[in-house]
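# Inside the fold
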Amino acid sequence: MGITRLPEVGALLARLQAAMRPAVTENTALVGIHTGGVWVAERLHAALGVRFPLGTLDVSFYRDDYGQRGLHREVKRSCIPFEVEGRDIVLVDDVLYTGRTIRAAMNELFDYGRPARIRLAALLDRGGRELPICPQFVGAEVQPADDEVIALIRDEGGGLRLAIERK
Ligand code: 5GP
Ligand code: MG
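A short tour of the structure in this document, coming up. (Residues numbered from 1 in each chain as written. Chains lettered and ligands numbered in written order. Predicted model: local features only at pLDDT ≥ 70, side-chain atom pairs only at ≥ 80, totals over all residues. Heavy atoms only, no water.)

Take the site of ligand 1 next. Around ligand 1 sit 14 residues in total, of which Asp-93, Asp-94, Thr-98, Thr-101 and Ile-150 are the nearest. Asp-94 is positioned with one of its side-chain polar atoms (N or O) 2.5 Å from an oxygen atom of ligand 1. Measuring from an oxygen atom of ligand 1, one finds a side-chain N or O atom of Arg-126 at 2.7 Å. Protein coverage of the free-state accessible area of ligand 1, which is 490 Å², stands at 81%. Going through the elements one at a time, strand 3 (88-96), helix 4 (100-112) and strand 6 (148-154) are the ones with two or more residues in the shell around ligand 1. At 4 residues, strand 6 tops the list of elements feeding residues into the shell around ligand 1. Of the residues contributing to the shell around ligand 1, the split by class is 6 nonpolar, 3 polar and 5 charged. (Near = heavy atom within 4 Å. Polar contact = N/O pair within 3.5 Å; in protein donor to acceptor, adjacent residues only side chain to side chain. Areas by Shrake-Rupley, 256 points an atom, 1.4 Å probe, with all protein chains shown as cover. Helix = DSSP H or I, 4+ residues; strand = E, 2+ residues; numbered from the N terminus. Nonpolar A, V, L, I, M, F, W, Y, C, P; charged D, E, K, R; others polar.)

Quick look at the structure:
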């Protein structure tokens with residue numbers, strides 16, 4: 001098993017945009033999860049128009065394995081430049097796996113206020129869920145082998161591409 005061919009990021013973003021365009025309103029806010037999710041959220045935000053705000057979350061402190069992983073050198077700051085109370089929020093991540101990151105992101109969001117709704121957009125869904133979390137918008141489903149990590153790479157010009165790395 002494993003991945004033989006990776007999809008183009010442009011095609012995945014186009015699919016997400018098409019699904020999200022009719023589903024967002026002026027009460028929507030996008031929230032990208034560091035780091036890959038922020039890159040994806042920035043692209044979606046630019047493509048869908050600036051009618052609604054964009055925020056970012058770093059969930060390192062909220063992860064349930066924080067004690068094991070410790071603090072990474074590059075913990076980013078979360079930035080939520082809008083009122084969370086009553087908002088229609090779409091969390092955005094690059095790769096959805098066990099669901100633990102999304103659980104942590106929701107916990108952090110609730111510290112800011114009580115959203116009206118939270119939905120989830122993922123560029124790739126690699127399965128393997130350990131929590132009852134299901135994305136509403138997905139670029140593609142992939143089935144990598146256990147030792148395969150899908151890296152989202154941003155080159156200097158800002159272009160995004162996918163690569164497979166072995167653990
Ligand atoms: P989860 O918490 O659902 O197990 O993992 C999702 C988080 O870990 C996401 O923020 C995602 O960026 C990262 N992640 C998990 N698996 C992969 C992978 O194969 N490739 C990349 N780029 N990120 C991954
Ligand atoms: Mg990530």
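On we go from here.
Of all the 6 residues making up strand 1 (residues 28-33), 6 are buried; the element is thus mostly covered by neighbouring parts of the structure. Looking at chain direction, strand 1 and strand 3 are connected through 5 bridges and run parallel. Its bridge partner being in strand 3, Ala-29 is matched across the sheet by Ile-89. Regarding topology, helix 2 (residues 36-48) serves as the crossover connection from strand 1 to the parallel strand 2 (residues 54-57), and that connection is right-handed. (Buried < 20%, exposed > 50% of the residue type's maximum accessible area, 1.4 Å probe, protein only. Pairing = 2+ DSSP bridges. Right-handed = clockwise from strand over helix to strand, strands pointing away.)

A few words on the side chain of Asp-88. By the secondary structure assignment, Asp-88 is in strand 3. Side-chain polar atoms of Asp-88 contact the side chain of Thr-28, separated by 3.2 Å.

The interhelical angle for the contact between helix 1 (residues 9-20) and helix 2, taken along N-to-C directions, is 55 degrees, at an axis separation of 10 Å. Comparing the axis directions of helix 1 and helix 2 gives the class oblique. The two elements helix 1 and helix 2 cross, and the hand of that crossing is right-handed. Along its contact with helix 1, which presents Leu-13, Leu-16, Gln-17 and Met-20, the element helix 2 presents Val-40, Arg-43, Leu-44, Ala-47 and Leu-48. Considered class by class, the residues forming the contact of helix 1 with helix 2 number 7 nonpolar, 1 polar and 1 charged. (Axes fitted to C-alpha atoms, helices over the stretch in contact; angles between N-to-C directions. Parallel < 35°, antiparallel > 145°, perpendicular 65-115°, else oblique. Left-handed = near helix turned anticlockwise from the far one by under 90°. Contact = heavy atoms within 4.5 Å.)

Here the focus is the packing of aromatic side chains. Scanning the model with the defined rule gives 0 aromatic pairs in all. Sitting over the face of the ring of Tyr-97, Arg-126 holds its NZ or CZ atom 4.3 Å from the ring centroid. (Phe/Tyr/Trp six-rings, centres within 6.5 Å; stacked < 30°, edge-to-face > 60°. Lys NZ or Arg CZ within 6 Å of the ring centre and 35° of its normal.)

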